[in-house]
Amino acid sequence: YTFQSMSYTIEVYRKKIQPEKDIIQVATYVAFFPQLVAGPIERADRLLPQLADPKSLNLNDIGMGLTRIAFGLFRKLVIADRVALYVNVVYDDPSRFTTGELWLAALLFLVQIYHDFAGYSDMAIGSARLFGIHLMENFKLPLIAPTIGAFWNRWHISLSTWFRDYLFLPLGGFRKGGQRAALNAMVVFALCGLWHGAEWHYVSWGIYHGFALPIYVAWRSWKRKRKKKKGITLSAPGAFAGTAWLTLCILTTYLVNAFGCVFFRSPDLPTAWYVFSRLPFPSDLDPVFSPLAILGLLAILAGSMLIDVLTEFGNLVDRWNRLPVWTRAVFVTCMFALTAVTAVNHAEPYIYFQF
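We now turn to the structure provided with this report. (Residues numbered from 1 in each chain as written. Predicted model: local features only at pLDDT ≥ 70, side-chain atom pairs only at ≥ 80, totals over all residues. Heavy atoms only, no water.)

**Quick notes on the overall build of the protein**
Heads up, the rule is: Runs of E in the DSSP output that reach at least two residues are strands. Runs of H or I that reach at least four are helices, and both are numbered from the N terminus. For every residue, the accessible area obtained with a 1.4 Å probe (protein chains only) is divided by the maximum for its type, and the residue is called buried under 20%, exposed over 50%, and partly exposed between those limits. Contact criterion: two residues are considered in contact whenever any of their non-hydrogen atoms come within 4.5 Å of each other. Note on areas: these come from Shrake-Rupley sampling with a 1.4 Å probe, and a residue is covered only by the protein chains present in the view.
When its secondary structure is counted, the protein shows 14 helices and 0 strands. Here the protein, with 355 residues, has 47% of them falling under the buried criterion. Within the protein, contacts between residues at least 6 apart in sequence are counted, and of these 73% link residues at least 24 apart. Counting every atom, the protein has about 18900 Å² of accessible surface; 68% of that belongs to carbon and sulfur.

**Some remarks on the environment of Arg328**
By the secondary structure assignment, Arg328 is in helix 14 (residues 325-342). Judged by relative accessible area, which is 9%, Arg328 ranks as buried. Between the C-alpha atom of Arg328 and that of Leu66, which follows or precedes it by 262 residues, the distance is 9.5 Å.

**Quick notes on the packing of helix 1 (residues 2-13) against helix 7 (residues 157-168)**
Formally: Simply put, an axis is a line fit to the C-alpha atoms, just over the touching stretch for a helix, and the angle between two N-to-C directions goes from 0 to 180 degrees. For any helix crossing, the convention is left-handed if the near helix is rotated counterclockwise from the far helix by under a right angle, and right-handed if that rotation is clockwise. Gly falls in the polar group here, along with every residue not listed as nonpolar (Ala, Val, Leu, Ile, Met, Phe, Trp, Tyr, Cys, Pro) or charged (Asp, Glu, Lys, Arg).
It is the contact of helix 1 with helix 7, at a shortest axis distance of 12 Å, that shows an interaxial angle of 35 degrees. Both helix 1 and helix 7 take part in a crossing whose hand is left-handed. On helix 7, the residues touching Phe3, Met6, Ser7, Ile10 and Glu11 of helix 1 are Leu159, Trp162, Phe163 and Tyr166. Here the residues of the contact of helix 1 with helix 7 sort into 7 nonpolar, 1 polar and 1 charged.

**What about a nonpolar patch on the surface?**
Note the cut-off: Note that patches include only residues with greater than 30% relative accessible area and no salt bridge, and the join distances are 9 Å for like charges and 5 Å for nonpolar side chains (Val, Leu, Ile, Met, Phe, Trp, Tyr). Salt bridges are identified by distance alone: a Lys or Arg side-chain nitrogen within 4 Å of an Asp or Glu carboxyl oxygen.
Together, Leu57, Leu59, Ile62, Leu66 and Val325 line one region of the surface with nonpolar side chains, adding up to about 400 Å² of accessible area. Following the sequence through the fold, Val325 ends up in helix 14. With a relative accessible area of 47%, Val325 lands in the partly exposed category.

**What to know about the packing of aromatic side chains**
What counts is decided by this rule: When the centres of two rings from Phe, Tyr and Trp lie within 6.5 Å, Trp using its six-membered ring, the rings pair. Their planes under 30 degrees apart give stacked, over 60 give edge-to-face, and anything left gives tilted. When the NZ atom of lysine or the CZ atom of arginine is within 6 Å of a ring's centre and also within 35 degrees of its normal, the charge is said to sit over that ring.
According to the stated counting rule, one finds 28 aromatic pairs in the structure shown. Ring centres 5.3 Å apart and planes at 85 degrees place the aromatic pair Phe151 and Trp152 in the edge-to-face group. For the pair Phe259 and Phe276, a centre-to-centre distance of 4.7 Å together with 55 degrees between the ring planes defines the contact as tilted. On the criterion of sequence distance, the pair formed by Phe259 in helix 10 (residues 239-265) and Phe276 in helix 11 (residues 269-278) is long-range, its members being 17 residues apart. By relative accessible area, which is 30% here, Phe259 ends up partly exposed. Overall, Phe276 belongs to the buried group, its relative accessible area being 10%. Aromatic rings pair up to connect Phe109, Tyr114, Phe117, Phe139, Phe151, Trp152, Trp155, Phe189, Tyr202, Trp205, Phe264 and Tyr352 into one cluster. Across the ring face of Tyr350, the terminal group of Lys76 is positioned such that the distance to the ring centre comes to 4.5 Å.

**With respect to the nonpolar core**
How we decide: Think of a nonpolar core as a cluster: buried Ala, Val, Leu, Ile, Met, Phe, Trp, Tyr and Cys residues, connected wherever their side-chain atoms sit within 4.5 Å.
Membership of the largest hydrophobic core comes to 67 residues, with the highest contact counts inside it found for Ile113, Trp155, Val262, Phe264 and Tyr352. For this core, the elements supplying multiple residues, two or more each, are helix 4 (59-92), helix 5 (99-129), helix 6 (148-154), helix 7, helix 8 (178-196), helix 9 (200-230), helix 10 and helix 11. The element that contributes the greatest number of residues to this core is helix 5, accounting for 15 residues. Excluding residues that lie within four positions of it along the chain, Phe264 makes contacts with Phe109, Ile113, His196, His201, Tyr202, Trp205, Ile351, Tyr352 and Phe355. Residues Phe32, Leu51, Ile133 and Leu135 belong to the second largest nonpolar core, which totals 14 residues.

**Things to note about the pattern of salt bridges**
Enumeration over the complete set of coordinates arrives at 10 salt bridges. With its nearest N and O atoms 3.0 Å apart, the salt bridge here joins Arg43 to Asp165. Remark: Asp165 occurs in helix 7 and Arg43 occurs in the loop between helix 2 (23-30) and helix 3 (44-52); sequence separation between them is 122 residues. Under the relative-accessibility criterion, Arg43 is labelled buried at 17%.

**Let's talk about the environment of Leu48**
The residue Leu48 is located in helix 3 in this model. Spatially, the C-alpha atoms of Leu48 and Tyr29 are 6.3 Å apart, while their sequence positions differ by 19 residues. Leave out the neighbours within four places in its chain, and Leu48 touches Tyr8, Glu20, Gln25, Val26 and Tyr29.

**Digging into the side chain of Asn257**
Quick note on the threshold: Any pair of nitrogen or oxygen atoms within 3.5 Å is treated as a polar contact; in protein, a donor-acceptor pairing is required on top of that, and neighbouring residues in sequence qualify only through side-chain atoms on both sides.
Locating Asn257 in the fold gives a position in helix 10. By relative accessible area, Asn257 is classed as buried at 2%. Here the side chain of Asn257 touches Thr253 through a polar contact of 3.0 Å, landing on its backbone oxygen. Not counting residues up to four positions away in its chain, the partners in contact with Asn257 are Leu110, Ile148, Phe151 and His209.

**Remarks on the packing of helix 1 against helix 2**
For clarity, the cut-off: Relative orientations are named as follows: roughly parallel for angles under 35 degrees, roughly antiparallel for angles over 145 degrees, roughly perpendicular for angles from 65 to 115 degrees, and oblique for any other angle.
Where helix 1 meets helix 2, the closest approach of the two axes is 8 Å, and the angle between their N-to-C directions is 135 degrees. Looking at the two axes, helix 1 sits oblique to helix 2. Together, Gln4, Ser5, Ser7 and Tyr8 of helix 1 and Val26, Tyr29 and Val30 of helix 2 make up the contact between the two elements. Across the contact of helix 1 with helix 2, the residue classes break down as 4 nonpolar, 3 polar and no charged.

Right under this line is the structure:
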């Protein structure tokens, strides 16, 4: 609500959009209920024209809306909440668990928060679609981003672009040199952490990424200058070498983000430091899990990747629109039924509802 109101005011001040004379339209824009609590954070130039020119509802909108709601419910109730059963227990008292179990909790929390938040965004986008409103996509496969820069281009896109346009660029962006850009990034991420909560562990999470992103940018700049200086011309790597390098980059980026999430998930800064103090020491790496628990974890990760593949790589919109109406209805019904059968049977609050 605050970010959308600020965005509208700033854009009018910058003369990038005309002031809206209909107060009902402005009120609807800043208080549009599907995405009011946790986004996507819409810009006035995208949402206001849709509100001013409503279109008649059609079966494609209804079908896509219900499909996104079904996917969102599955992400939240089946994947995120089931992972939370393990992560919450570990972070309630980390001293009870082995180093291996702490590592697993750190790695899984990124899966939990992604599907918890992306599930909400799916349901917000789907609910708006039932009214014929198209909201922006908020996530684009962030868990398989090959670099930390790509991760922030794919994660909570509406918030990261908001901070970029209304804080990072006005501070100078990259226009005043690399050192100033690094300082700007540090300020932006520190404030982003503070926005999540007036707690030191949130600020530490922001500062962590405030260091990580400039380090990546500096490394990328150094690599480009080195190639240019030495006149290096690299031939395209073979399929195996290219895939292996991409996989290594994805795993490294995931590890960097999961490590930072220890700050984010810990209830306070002392707990975060305790977890960090345990992670480097492989004295007790073997967590005790039953084969059934391992199978369940693999199923969760497989379901996680399948949803991303369907929504991102499967051209779901085009394929969906070509299906008969009865096929769409059966699919959505099956998705809701599957979620009802496999969902966690207790209420797990949305992580982003507390911010």
